[in-house]
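Residue-level structure breakdown
So you can see what is in the structure, the chains are spelled out below.
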Amino acid sequence: MGEQATSEKDRRFFRIQDWVYFSYRLVADTPAGETSSLPVSNGPQQDLPDKLSELAHESRLVFRKLFKDNPEAAAAITLLDRKINLLATVLVSQSLINSGQVLSEVSLSASGVGFFASEPLPKQASVEVTLFLLPSLYKIVAMGNTVFCRVKEHGPMAGRYWIGVDFIELNERDQEVLFGHVLKKQAEDIKHQRGLEA
């Protein structure tokens, strides 16, 4: 990542509470001297942010001219585009639910994730984490190790286990996307909080 690379301290410092489609599974321990097999994050969701960015860039000049020449038509097309995006999000979300993904509130950073589970996990267990960021539905698959597992004694999650996982394998592109997502969400939360305090 060169000069744009973020330090481990930065990745750990920026942490948010977020809702994502989330699942995990235990994986066999990797023998000494071998690397674990990190699944490739592919599929339509993986390329969705880039495709949306490209489409936005291509349509910007067209919409600018259209808004100037025919603002009513441009407004109608914009509304239709929003409806299509909403429908696509619903369909993809339903597909994720059918495939075992659960919409979950997690504590998220570019270096790890914290989540609730109904069953405990041993410390230093090898875990494969799959999550889809919202609203982009960008898919991230990471390998990690559990660093803690604590039972929640009070509140609505009483009896469930709060589990922390440190990522040990996360490809560079996914890490950059995840870090950008965390920064953006944190900025939105700060803006929202300032609005409430105003």
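This text gives an overview of the structure that appears in the document. Please read these numbers as outputs of a predicted model, since none were measured by experiment. (Residues numbered from 1 in each chain as written. Predicted model: local features only at pLDDT ≥ 70, side-chain atom pairs only at ≥ 80, totals over all residues. Heavy atoms only, no water.)

1. Some points on the pattern of salt bridges
Between side chains of opposite charge, a pair can form when the charged atoms approach closely. Counted according to the given criterion, the structure contains three salt bridges. The partner of K65 in a salt bridge is D69, with the nearest N and O atoms 2.7 Å apart. With a gap of four residues between them, K65 and D69 both fall in helix α2 (residues 44–69), about one helical turn apart. By relative accessible area, K65 is classed as exposed at 54%. (Salt bridge = Lys/Arg side-chain N within 4 Å of Asp/Glu carboxyl O. Helix = DSSP H or I, 4+ residues; strand = E, 2+ residues; numbered from the N terminus. Buried < 20%, exposed > 50% of the residue type's maximum accessible area, 1.4 Å probe, protein only.)

2. Things to note about the side chain of S104
With respect to the secondary-structure elements, S104 resides in strand β2 (residues 102–109). Reaching out from S104, the side chain makes a polar contact with the backbone oxygen of V102 at a distance of 3.1 Å. Residues within four places of S104 in sequence aside, it is in contact with D18, W19, V20 and F22. (Polar contact = N/O pair within 3.5 Å; in protein donor to acceptor, adjacent residues only side chain to side chain. Contact = heavy atoms within 4.5 Å.)

3. Looking at the sheet that holds strand β1 (residues 16–26)
Ordered in space as β1-β2-β3-β6-β5-β4, the six strands form a closed barrel in which the pairing is antiparallel. Recorded for the sheet is a direction-independent mean angle of 50° between the axes of neighbouring strands. Where strand β3 (residues 112–117) meets strand β6 (residues 161–169), six bridges bridge the pair, whose relative direction is antiparallel. Following the sheet pairing, A117 is matched in β6 by Y161. (Pairing = 2+ DSSP bridges. Axes fitted to C-alpha atoms, helices over the stretch in contact; angles between N-to-C directions.)

4. Some points on the nonpolar core
In this structure, F22, L108, V113, F115, V129, L131 and L178 are the most contacted members of the largest nonpolar core, which totals 22 residues. For this core, the secondary structure elements donating two or more residues are β1, β2, β3, β4 (126–132), β5 (139–151), β6 and α4 (172–197). (Core = buried A, V, L, I, M, F, W, Y, C linked by side-chain atoms within 4.5 Å.)

5. Here's the deal with the pairing of β1
Of the pairings in the sheet, the one linking β1 to β2 comprises seven bridges and is antiparallel in character. Paired with D18 across the two strands is V106, which belongs to β2. As paired strands, β1 and β4 are joined by six bridges and run antiparallel to one another. By the bridge assignment for β4, Y21 is matched with F132.

6. Observations concerning the side chain of S109
Secondary-structure assignment places S109 in strand β2. Among the polar contacts listed, one links the side chain of S109 to the side chain of S111, at a separation of 3.1 Å.

7. Structural notes on the packing of aromatic side chains
Under the counting rule described, the total for this entry stands at four aromatic pairs. Seen in terms of ring centroids, F22 and F115 are 4.8 Å apart; in terms of plane orientation they differ by 45°. Their pairing is tilted. Taken together, the residues F22 in strand β1 and F115 in strand β3 connect sequence positions 93 residues apart. Taken as a pair, F22 and F115 share a single burial class, namely buried. Ring geometry for F116 and W162: centres 4.7 Å apart, planes at 55°, overall tilted. Taken together, the positions of F116 in strand β3 and W162 in strand β6 put the pair 46 residues apart, joining distant regions of the chain. Taken together through their ring pairs, the aromatic side chains of F22, Y24 and F115 make up a single cluster. (Phe/Tyr/Trp six-rings, centres within 6.5 Å; stacked < 30°, edge-to-face > 60°.)

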